[in-house]
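Listed below, chain by chain, are the residues.
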Amino acid sequence: MDKIIHTDVYKKNMEAYVKAYPEDALKLKNKQYKKSKRVVTPIICDDGMITFCVSGDDDKNYMLSGVYNPNMFWKKKIEGFGKIAPNTPFIVMGMGNMDQIRMYLEAAGEDCLILVYEPSIEIFEAVMENADISDLIIDKPVLLVVDQLNGADLKKSIQMMIKWDTVASLKVLVTPNYDYLFPKKIKEVLRQLDEIYNDMIV
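Here is what the cut-offs are and how they apply
- Residues numbered from 1 in each chain as written.
- Predicted model: local features only at pLDDT ≥ 70, side-chain atom pairs only at ≥ 80, totals over all residues.
- Heavy atoms only, no water.
- Helix = DSSP H or I, 4+ residues; strand = E, 2+ residues; numbered from the N terminus.
- Buried < 20%, exposed > 50% of the residue type's maximum accessible area, 1.4 Å probe, protein only.
- 1 Å grid on protein atoms, 1.4 Å probe; cavity = no way out; pocket = protein on both sides within 12 Å on 5 of 7 lines; lining within 4 Å.
- Points joined across faces, edges and corners; volume = space filled by probe spheres on them.
- Nonpolar A, V, L, I, M, F, W, Y, C, P; charged D, E, K, R; others polar.
- Pairing = 2+ DSSP bridges.
- Axes fitted to C-alpha atoms, helices over the stretch in contact; angles between N-to-C directions.
- Contact = heavy atoms within 4.5 Å.

Draft legend 1. Seen up close, the environment of Lys37. Assignment of secondary structure puts Lys37 in the loop between helix 2 (22-29) and strand 1 (40-44). The class of Lys37 is exposed, set by a relative accessible area of 82%. Taking the C-alpha atoms as reference, Lys37 lies 22 Å from Glu188; in sequence the two are 151 residues apart.

Following this line, the structure appears as structure tokens:
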């Protein structure tokens, strides 16, 4: 997106991003990345959550969350986890609805580690421009990995967060429609996870 919808939100997010990820923030400010023609449109859900509609390579539009009461969708998903073990590692693919991250933190009592991987610089820009995620940017249990900014560190970051005593409780979550929008990138992350797991048990 070229237009900043909420200048105050973007400024707040960038201030937090500069503190937490100074090198990556510099790349973002200087636009040291290659953009695609993908169009990302912010959507306010009926319960106040912010999500996005994204154009795919197939000329179709994909919602990154339901518009009608997505809060209930995430609540049911979390209830399905049962009791979350201490230091549970979460790997969430996609920043299409960052409120889900807050809900994971609340459910785990912040006693967890969450890596959020965003394969699209366009979606990341849209999130920074429209949704206040400054608390998540500086929250130490949460690590943001964005292609073209710090995506090269993805495997190393996964290796750092997954330990022998927590690998059994690992939770891998794919934000709605990311598997359609970015099938190769999602498949590659899953391949890396499988490789890391196999290396640990050898």
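Draft legend 2. Seen up close, the layout of surface pockets. Estimates place the volume of the largest pocket at around 220 Å³. Looking at the largest pocket, it is lined by 15 residues, and the ones nearest its centre are Ser36, Arg38, Pro119, Phe182 and Lys185. Looking at the lining of the largest pocket, the elements with two or more residues in it are helix 5 (121-130) and helix 9 (183-201). By residue number, the principal contributor to the lining of the largest pocket is helix 9, which donates 3 residues. When the residues that make up the lining of the largest pocket are grouped by side-chain class, the tally is 5 nonpolar, 3 polar and 7 charged. Counted as a void, the second largest pocket has a volume near 170 Å³. In this structure, the second largest pocket is lined by Leu113, Ile114, Leu115, Lys140, Pro141, Leu143, Asp153, Lys156, Ser157, Met160 and Met161. Elements represented by at least two residues in the lining of the second largest pocket include exactly strand 5 (112-118) and helix 7 (154-161). In terms of residue count, helix 7 provides more of the lining of the second largest pocket than any other element does, 4 residues in total. Its residues assigned to classes, the lining of the second largest pocket shows 7 nonpolar, 1 polar and 3 charged.

Draft legend 3. Structural view of the sheet that holds strand 5. Within the open sheet, the 4 strands sit side by side as 6-5-4-7. Their pairing is parallel. Each edge of the open sheet is held by one strand with a lone partner, namely strand 6 (142-146) and strand 7 (171-174). Averaged over all pairs of adjacent strands, the angle between strand axes in this sheet comes to 15°, irrespective of strand direction. Relative to strand 6, strand 5 runs parallel, the two sharing 5 bridges. Bridge pairing links Glu118 to Val146 in strand 6. Of the strands in this sheet, strand 4 (88-93), strand 5, strand 6 and strand 7 are in contact with helix 4 (residues 99-108), which crosses strand 5 at around 170°. Its contacts with the sheet put helix 7 on strand 4, strand 5 and strand 6, and the angle it makes with strand 5 is roughly 165°.

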